[in-house]
Amino acid sequence: MVDDSVAPTALTSPLLPVPLPQCLRGVLFDLDGTLIDPRAAISGALSYAFVQMGRPVPPHDVLVSMIGPPLLPSLQGLFGMSEADALATIEHYRVDFGTRGIAANVVYPGIPELLAALHAHGVTIALATSKPTVYAVQILEHLGIDRYFAAMVGSNLDNTRTAKSEVIAHALHLLPELRDASIMVGDREHDLHGARANDLPCIGVTYGIGSVEEVRAAAPLHVVSDVAALQALLQRLHLLPDTAAD
């Protein structure tokens, strides 16, 4: 359902939602926790990496909390790793994720149909993820939904362009027609803050990894709790035809 209670929450927040542009023509989507459920893939790859580093495997909820933000600062901040150890952990993580992990990602029910409907309605769709681009593309191809995206942008394997603000900026560079005509959809605060840094309005989803409190605190324009509510909201924003009117 659409959570319209976000409006008074935003009024008491130090942040205010970025308003909608006059005309919407595109949607930028986060990947993990927004289009796909990556819990098994990422927690498994992280567990493998910790074992390879000779470190105790953190509890599952800690591993899940790492989904979304860039791994390098998360490993350094949560576990006090040196940069060298964090980079070595990421290399081990990629060994497992790049093989077993790609196929372990699951698309959320309703997302393929939503993307197909947006694409058929002439909406330009872009991916903006902190995950390395090469893995993001492989995941979308594996799930059969890559064809809906005009651009798929993630981080680089050399651990550059990891900040979500940089990822979104690059997507807008590739699709300049969306700079003042698009909205971002994400489930973590860094998705929503990254959109704000690029003056994009955003929709926060709470069916993914981020908590309701985390999403609301980032002051998105709207908050939705499931894919059906996201589709209904996009209809209200005229990015999808109103099927009820047919």
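Residues numbered from 1 in each chain as written. Predicted model: local features only at pLDDT ≥ 70, side-chain atom pairs only at ≥ 80, totals over all residues. Heavy atoms only, no water.

### Overview of the packing of helix α4 (residues 71-79) against helix α5 (residues 83-104)
In contact at an axis separation of 9 Å, α4 and α5 are set at 125° when each is read in the N-to-C sense. Taken together, the axes of α4 and α5 are oblique relative to one another. The two elements α4 and α5 meet at a crossing, and its hand is right-handed. Taken together, the residues of α5 that come into contact with α4 (itself represented by Leu71, Leu72, Leu75 and Gln76) are Glu83, Ala86, Leu87, Thr89, Ile90 and Tyr93. For the contact of α4 with α5, the residue count by class is 7 nonpolar, 2 polar and 1 charged. (Axes fitted to C-alpha atoms, helices over the stretch in contact; angles between N-to-C directions. Helix = DSSP H or I, 4+ residues; strand = E, 2+ residues; numbered from the N terminus. Parallel < 35°, antiparallel > 145°, perpendicular 65-115°, else oblique. Left-handed = near helix turned anticlockwise from the far one by under 90°. Contact = heavy atoms within 4.5 Å. Nonpolar A, V, L, I, M, F, W, Y, C, P; charged D, E, K, R; others polar.)

### Let's talk about the nonpolar core
Counting residues in hydrophobic clusters, the biggest one holds 55 residues, and the most contacted among them are Phe29, Leu35, Phe97, Leu115, Leu118, Ile203 and Leu230. Counting residues per element, this core draws most heavily on helix α2 (residues 39-52), which supplies 6 residues. Once residues within four sequence positions are removed from consideration, leucine 35 is found in contact with Phe29, Asp30, Val107, Tyr108, Ile111, Leu115, Leu127 and Phe149. Residues Ala128, Leu172, Met184 and Val223 belong to the second largest nonpolar core, which totals 19 residues. (Core = buried A, V, L, I, M, F, W, Y, C linked by side-chain atoms within 4.5 Å. Buried < 20%, exposed > 50% of the residue type's maximum accessible area, 1.4 Å probe, protein only.)

### Observations concerning empty space enclosed by the protein
In this structure the tally under the stated criterion is 1 cavity of 30 Å³ or more. Considering only enclosed or pocket space, the largest cavity measures out at about 270 Å³ in volume. As for the largest cavity, its lining consists of 21 residues, of which Pro69, Leu71, Ser130, Lys131 and Pro132 are closest to the centre. Residue assignment for the lining of the largest cavity shows that the elements contributing at least two residues are α4, α5 and β5 (124-132). Taken together, the residues that form the lining of the largest cavity break down as 12 nonpolar, 6 polar and 3 charged. (1 Å grid on protein atoms, 1.4 Å probe; cavity = no way out; pocket = protein on both sides within 12 Å on 5 of 7 lines; lining within 4 Å. Points joined across faces, edges and corners; volume = space filled by probe spheres on them.)

### Some thoughts on the packing of helix α8 (residues 164-174) against helix α9 (residues 189-197)
Two quantities define a packed helix pair, namely the angle between the axes and the distance from one axis to the other. It is at 8 Å that the axes of α8 and α9 come closest, and there the two elements cross at 50°. Compared by their axis directions, α8 and α9 come out oblique. Crossing geometry of α8 relative to α9 is assigned as right-handed. Mapping the contact onto sequence places Lys164, Ser165 and Ile168 in α8 and His190, Asp191, Gly194, Ala195 and Ala197 in α9. Each residue belonging to the contact of α8 with α9 can be placed in one class, and the counts come to 3 nonpolar, 3 polar and 2 charged.

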